[in-house]
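Secondary and tertiary structure notes
The residues making up each chain are set out below.
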Amino acid sequence: MRIHLIAAGNRMPDWVNTGYGEFAGRLPPESRLHLIEIAPGRRGKGADVARAVAAEGERMLAALPKNSLVIALEVGGKAWTTENLAAQFSAWLQGGRDVALLVGGPDGLAESCRARAEMRWSLSPLTLPHMLVRIVVAEQLYRAWSLLNGHPYHRA
């Protein structure tokens with residue numbers, strides 16, 4: 001099983017790439033986290049934000065691996081404890097399907113992505129910057145893996 005983090009935005013600051021890489025690199029090959037960056041929609045003075053979000057959504061859906069379990073990351077999703085995430089991670093491994101996690105840009109996730117998602121996951125009731133979400137997701141997936149494998153990283 002591969003986990004695909006499909007995220008709107010590119011050209012992230014070095015601290016984002018470093019943080020993401022630190023935790024994504026800790027996951028073993030059988031549950032590797034693969035980042036797919038989606039070019040952001042055009043924004044700026046006079047730009048149609050709804051059109052930009054819709055265009056991002058189209059590119060995200062086109063990037064989905066076939067037969068993957070699609071999970072939208074958004075504030076209105078279901079909040080999971082670390083133990084809940086570890087149970088989800090275990091189910092993903094046993095299910096044999098790739099998992100695609102969708103992260104919207106600064107204006108959120110396209111409705112087409114929400115409609116395609118089989119699950120919705122909320123990292124927090126707070127609105128997190130989309131670039132920070134990459135790091136939090138990578139760390140939390142590593143934490144869930146460490147819990148499942150008795151690794152001392154998770155010490156709750």
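Before reading on, note that the structure itself is shown above.
We now turn to the structure provided with this report. This structure is a prediction, so every number in the text was calculated from the model and none was measured.

Thresholds applied
Residues numbered from 1 in each chain as written. Predicted model: local features only at pLDDT ≥ 70, side-chain atom pairs only at ≥ 80, totals over all residues. Heavy atoms only, no water. 1 Å grid on protein atoms, 1.4 Å probe; cavity = no way out; pocket = protein on both sides within 12 Å on 5 of 7 lines; lining within 4 Å. Points joined across faces, edges and corners; volume = space filled by probe spheres on them. Helix = DSSP H or I, 4+ residues; strand = E, 2+ residues; numbered from the N terminus. Nonpolar A, V, L, I, M, F, W, Y, C, P; charged D, E, K, R; others polar. Buried < 20%, exposed > 50% of the residue type's maximum accessible area, 1.4 Å probe, protein only. Pairing = 2+ DSSP bridges.

1. Some words on the layout of surface pockets
With a probe scaled to a water molecule rolled over the atoms, the places where space remains empty come into view. Reported here for the largest pocket is a volume of approximately 350 Å³. Taken together, 21 residues make up the lining of the largest pocket; nearest its centre are Leu73, Glu74, Val75, Thr127 and Leu128. Counting residues per element, the ones that place at least two in the lining of the largest pocket are strand 3 (69–79), strand 5 (119–122) and helix 5 (130–148). At three residues, the largest contribution of residues to the lining of the largest pocket is made by strand 3. Each residue belonging to the lining of the largest pocket can be placed in one class, and the counts come to eleven nonpolar, seven polar and three charged.

2. A look at the pairing of strand 4 (residues 99–103)
Judged by how many residues are buried, strand 4 sits mostly within the fold: five of five residues are covered. Side chains of strand 4 alternate between two faces, with Val99, Leu101 and Val103 and Ala100 and Leu102 buried alike. Sheet topology note: the strand 1 (residues 3–8)/strand 4 ladder contains five bridges and is parallel. Within strand 4, the residue paired with His4 across the bridge is Ala100.

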